[in-house]
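# A look at the structure
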Amino acid sequence: MSTLIYPLTLLYDGACPVCALEMDHLRARSLDGRLVFVDISAPGFDAAACGLTLAQLNAEIHAVRPDGSVLKGVEVLRLAYDAAGLGWVLRPTAWGPLRPAFDAGYRMFARHRQTISRGLGPLIDGVRALRSRQRARRMAQRMGKCQQGRCDAHEGESS
């Protein structure tokens, strides 16, 4: 089995407001191609292409590594957060005595995410809309710095 982790293809439910919000957050922070996002609720998505059923994918988050191996649960989130430069946030979830509790907590959340999403849906939709407007505003500011075929909007940024 290969030890190559990235690019990591995240298989998430875009119809779940909580899941979509989390993927928006990761997508905004992972601009280097280490994460690929696939919405399992999108028309035409074929779970069998991943060797899984839609029921399995809906039970908890999954990811596919470059060698085709599939990961699931909190391990996926740990790797995704690491790729987005936020590995420290979920690092405690991998610590020996805490890991089983975090894994069980995630499985419980995953089992009830639709109910949680229904309750929080309007709030989450508002947060997503606000973040989208903020990203658009930042992009417009960067584009405003581009003039006469020359753009220094990314000057000083590391690649």
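Everything here concerns the structure above.
All of the points below concern the structure found in this document.

Conventions adopted
Residues numbered from 1 in each chain as written. Predicted model: local features only at pLDDT ≥ 70, side-chain atom pairs only at ≥ 80, totals over all residues. Heavy atoms only, no water. Helix = DSSP H or I, 4+ residues; strand = E, 2+ residues; numbered from the N terminus. Buried < 20%, exposed > 50% of the residue type's maximum accessible area, 1.4 Å probe, protein only. Contact = heavy atoms within 4.5 Å. Pairing = 2+ DSSP bridges. Right-handed = clockwise from strand over helix to strand, strands pointing away.

### Quick look at the overall build of the chain
- Regarding its fold elements, the chain presents five helices and four strands.
- Each helix (α) and strand (β) of the chain, taken in turn from the N terminus, gives the series β-α-β-α-β-β-α-α-α.
- Counting only residues that meet the buried cut, the chain has 32% of its 159 residues in that class.
- Of all intrachain contacts in the chain linking residues separated by at least 6 positions in sequence, the fraction that spans at least 24 positions is 65%.

### Notes on the pairing of strand β1 (residues 8–12)
- Among the five residues of β1, four are classified as buried, and the element is accordingly described as predominantly covered.
- Direction of pairing for β1 relative to strand β2 (residues 35–39): parallel, over a ladder of five bridges. In the sheet register, Y12 faces β2, and the bridge partner there is D39.
- With respect to chirality, the unit in which β1 leads through helix α1 (residues 17–29) into the neighbouring parallel β2 is right-handed.
- Where β1 meets strand β3 (residues 62–64), three bridges bridge the pair, whose relative direction is antiparallel. Looking at the pairing, L11 lines up with H62 of β3.

Read these as geometric descriptors, not functional statements.
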